[in-house]
Amino acid sequence: LKSDTKTKQRLLEADRDEKIHLYHRAGDEAVLPCNRPSSSDSCSSVDWKYKRNENMKHQQEVHRGIVQSSPRSARMSLDRNCSLIINNINAEDAGWYSCSYNTYVFLNLLIISSSPPDADPTVNNFTLACSLWRFSSSGSCPYKSLLWLDETGSELTGEGDGYKSEGQFGCVSFLTVNLQSSRRFTCQFVEGNKVKIEAHYQHEGMMSVSTA
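You'll find the chain entered in an unreviewed UniProt entry as Ig-like domain-containing protein, with Poecilia formosa given as the organism.

Put into structure tokens, the structure is as follows:
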């Protein structure tokens, strides 16, 4: 209980320290910076902690410069600046990270998938889901912050040639598409009129892939 209270207090104090929001796509390599003093020449005093949501007890990912054993540890390492490097990131990596030197990093992931996950992409119509995975206390995504675009960069709203917007619910936006021809769809997360991250879905015959 004391540990959770201390973590919440640190979150409240984060505005007075260094708070960083990072945006990535699934499969990226994420580098989470640590505000280590330049006078320090070792990571032996560095700890990294992680929380997926407010109700989760924090996990010790790095203790005194050593990556701790966990299902994710094989994808984690520290660089010479004690930044936490996470390879091949996925939805389970999204959340809040803290470094010993009052650095708070919020890792956000934008992922496009079929909905439901086992949908057959070879049928004429199926639905794409664009999801922003983030720390739960960051709140729900603002309305119309997840946008779908076509190959020309035009926003896809309502219903049109080969698509139908199914709307945004929280941090997930749905688009039903007709894939009889090769098409490319883009999902963007927009905050304050600025595109923070975008992901692409390319369909070519029998092949459908999400790309950077």
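Undergrad: I keep staring at the packing of aromatic side chains and nothing clicks. Help me out?
TA: What describes a pair of aromatic rings is the distance from one ring centre to the other and the angle between the planes of the rings. Tallied over the entire structure, the rule returns 7 aromatic pairs. Site record: aromatic cluster; members linked through ring pairs are Trp-96, Tyr-104, Phe-106 and Phe-135. Over the ring of Tyr-50 we find Arg-72, and its NZ or CZ is 4.2 Å from the ring centre.

Undergrad: Would you mind showing me how to read the pattern of salt bridges here?
TA: Opposite charge on two side chains lets them pair, provided their charged atoms get close. Taken as a whole and assessed by the stated rule, the structure comprises 6 salt bridges. Asp-93 is the partner of Arg-72 in a salt bridge, and the nearest nitrogen-oxygen pair spans 2.7 Å. Of the two residues, Arg-72 sits in the loop between strand 5 (66-67) and strand 6 (76-78) while Asp-93 sits in the loop between strand 7 (84-86) and strand 8 (95-99), which places them 21 residues apart along the sequence. Given a relative accessible area of 6%, Arg-72 falls into the buried group. Residue Glu-155 is joined to Lys-144 by a salt bridge in which the shortest nitrogen-to-oxygen separation is 3.9 Å. Placement of Glu-155 in the loop between strand 11 (146-149) and strand 12 (159-160) and of Lys-144 in the loop between strand 10 (125-133) and strand 11 is noted, with a sequence separation of 11 residues between them.

Undergrad: Help me understand the nonpolar core in this model?
TA: Where a protein is soluble and globular, its nonpolar side chains tend to be buried together. The biggest cluster of nonpolar side chains holds 24 residues, and the ones touching the most others in it are Leu-32, Trp-48, Leu-84, Ile-86 and Tyr-97. Contributions of two or more residues to this core are made by strand 1 (18-25), strand 2 (30-32), strand 3 (48-51), strand 7, strand 8 and strand 9 (103-115). Sorting elements by how many residues they give to this core places strand 9 first, with 4 residues.

Undergrad: Sorry, what's going on with the state of the cysteines here?
TA: Where two cysteines share a covalent bond between their sulfur atoms, that bond is called a disulfide. Counting across every chain of the model gives 4 disulfides. What pairs with Cys-34 in a disulfide is Cys-99, and their sulfur atoms sit 1.7 Å apart. With Cys-34 in the loop between strand 2 and strand 3 and Cys-99 in strand 8, the pair connects residues that are 65 residues apart, well separated along the chain. Across the pair, Cys-99 and Cys-34 agree in class, each one buried. Residue pairing for Cys-130: its cysteine sulfur links by disulfide to Cys-187, the two sulfurs lying 1.9 Å apart.

So, how was this worked out
Residues numbered from 1 in each chain as written. Predicted model: local features only at pLDDT ≥ 70, side-chain atom pairs only at ≥ 80, totals over all residues. Heavy atoms only, no water. Phe/Tyr/Trp six-rings, centres within 6.5 Å; stacked < 30°, edge-to-face > 60°. Lys NZ or Arg CZ within 6 Å of the ring centre and 35° of its normal. Salt bridge = Lys/Arg side-chain N within 4 Å of Asp/Glu carboxyl O. Helix = DSSP H or I, 4+ residues; strand = E, 2+ residues; numbered from the N terminus. Buried < 20%, exposed > 50% of the residue type's maximum accessible area, 1.4 Å probe, protein only. Core = buried A, V, L, I, M, F, W, Y, C linked by side-chain atoms within 4.5 Å. Disulfide = S-S within 2.5 Å.

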